[in-house]
Amino acid sequence: MQVSTSPVKRFLRCTFATPAGWLARVAFCIVAAASGLAAAGDWIPLAKDGIHDPKSQAVKLLQDPGEALSKLTPDTAGNQVLWVEALKKGEIKPREKLFAKTEIRKLDRDSILDIKGGMPAVRFPHGRHTEWLDCINCHDKVFSTTPGETKISMLKILEGEQCGICHGAVSFPLTECTRCHSIPRPGQIVPVLPPGANPRMHQPAAQEP
């Protein structure tokens, strides 16, 4: 793995290395999340996104993000869609499998991660993930099924590994710290959410697993 020279990554490396730095990390995430609220519901047309060739005939055929996503349950971060809520409401109906013989596997169980870290602990909801993904997407190539065997690293996540394979790409971005770090430790203050944030996405489940 190459050593990053990015100023942002150097800042994050220093912050994450500080034992008492969890407040700074949460503050960083809140500021970053709040800075994106003004753009909620403002999708860039394909012809102006800097990725698609505006002169291409394909741009005229493809559906612009605003046309497709504006009909779905809104979010305040990332691609501005609460995908799990959209699924529950029937706004989207993805196919569960491509082949008739494929076994559909779902697991409705929460796992508590990062027990010994400085940030609030992470509640990982298997149910929300297995609505979209088969177990093989994560196990055992990315995460071992043996508890404690995989060392989860925030640095790896920020560099697009582990949770960062999806989060920041197709799922909500890594600026939304408290959506994952949702269980305060003894003596910690519950982070204040930025205005307009959906509190339902930041609350732990009703019961411990």
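Predicted, not measured: the structure shown is a model, and the values here were computed from it. (Residues numbered from 1 in each chain as written. Predicted model: local features only at pLDDT ≥ 70, side-chain atom pairs only at ≥ 80, totals over all residues. Heavy atoms only, no water.)

Colleague: Please clarify how the layout of surface pockets should be interpreted in this entry.
Modeller: Sizing a probe to match a water molecule and rolling it over the atoms shows the empty space that remains. Taken as a whole, the second largest pocket holds about 320 Å³ of empty space. Forming the boundary of the second largest pocket are 14 residues, of which R95, E96, E131, W132 and L133 lie nearest the centre. In terms of residue class, the lining of the second largest pocket is made up of 5 nonpolar, 2 polar and 7 charged. (1 Å grid on protein atoms, 1.4 Å probe; cavity = no way out; pocket = protein on both sides within 12 Å on 5 of 7 lines; lining within 4 Å. Points joined across faces, edges and corners; volume = space filled by probe spheres on them. Nonpolar A, V, L, I, M, F, W, Y, C, P; charged D, E, K, R; others polar.)

Colleague: Explain the sheet that holds strand β2 (residues 121-125) here, please?
Modeller: Hydrogen bonds between backbone groups are what pair the strands of a sheet, and the pairing can be parallel or antiparallel. Pairing is antiparallel in the open sheet, where 3 strands are placed in the order β1-β2-β3. The sheet is open, and its two borders are formed by β1 (110-113) and β3 (181-183), each paired with just one other strand. Mean inter-strand twist for the sheet, computed between neighbouring axes without regard to direction, equals 50 degrees. Summarising the sheet, β2 and β3 pair through 2 bridges and their orientation is antiparallel. (Pairing = 2+ DSSP bridges. Helix = DSSP H or I, 4+ residues; strand = E, 2+ residues; numbered from the N terminus. Axes fitted to C-alpha atoms, helices over the stretch in contact; angles between N-to-C directions.)

Colleague: How do you make sense of the side chain of E176 when you look at a structure like this?
Modeller: Its location among the elements puts E176 in the loop between α7 (154-158) and α8 (177-180). The exposure class of E176 is buried, given its relative accessible area of 7%. Polar contacts involving the side chain of E176 include one to the side chain of T175, which spans 3.4 Å. (Buried < 20%, exposed > 50% of the residue type's maximum accessible area, 1.4 Å probe, protein only. Polar contact = N/O pair within 3.5 Å; in protein donor to acceptor, adjacent residues only side chain to side chain.)

Colleague: What is the right way to look at the pairing of β2 in this model?
Modeller: Both faces of the sheet carry side chains from a regular strand, because those side chains alternate between them. Direction of pairing for β1 relative to β2: antiparallel, over a ladder of 4 bridges. Residue pairing in the sheet places S111 in a bridge with F124 of β2.

Colleague: Looking at this structure, I do not really get the pattern of salt bridges. What am I missing?
Modeller: Any two side chains of opposite charge can pair, so long as their charged atoms come close to each other. Counted under the stated rule, the structure contains 6 salt bridges. The partner of R179 in a salt bridge is D75, and the shortest N-O contact between them spans 2.7 Å. Residue R179 is located in helix α8, and its partner D75 is located in the loop between α4 (65-69) and α5 (83-88); the two are separated by 104 residues in the primary sequence. Exposure remark for R179: the relative accessible area of 9% places this residue in the buried category. Judged by its relative accessible area of 7%, D75 falls in the buried class. A salt bridge links R105 to D134; the nearest nitrogen and oxygen atoms lie 2.7 Å apart. Here the residue R105 occupies a position in the loop between α5 and β1, and D134 occupies one in the loop between α6 (126-130) and α7, the gap between them amounting to 29 residues. Taking relative accessible area as the criterion, D134 reaches 27% and is therefore assigned partly exposed. By sharing partners, the salt bridges in this structure join D75, E176 and R179 into a single network. (Salt bridge = Lys/Arg side-chain N within 4 Å of Asp/Glu carboxyl O.)

Colleague: Explain the environment of L107 here, please?
Modeller: The topology assignment puts L107 in the loop between α5 and β1. On the accessibility criterion, L107 (32% relative accessible area) is partly exposed. Residues L107 and D134, spaced 27 residues apart in sequence, show a C-alpha to C-alpha distance of 9.8 Å.

Colleague: Sorry if this is basic, but what is going on with the side chain of H167 here?
Modeller: Along the chain, H167 turns up in the loop between α7 and α8. A relative accessible area of 14% places H167 in the buried class. Separated by 3.2 Å, the side chains of H167 and S171 make a polar contact. Of the polar contacts made by the side chain of H167, one reaches the backbone oxygen of F172; its length is 3.1 Å.

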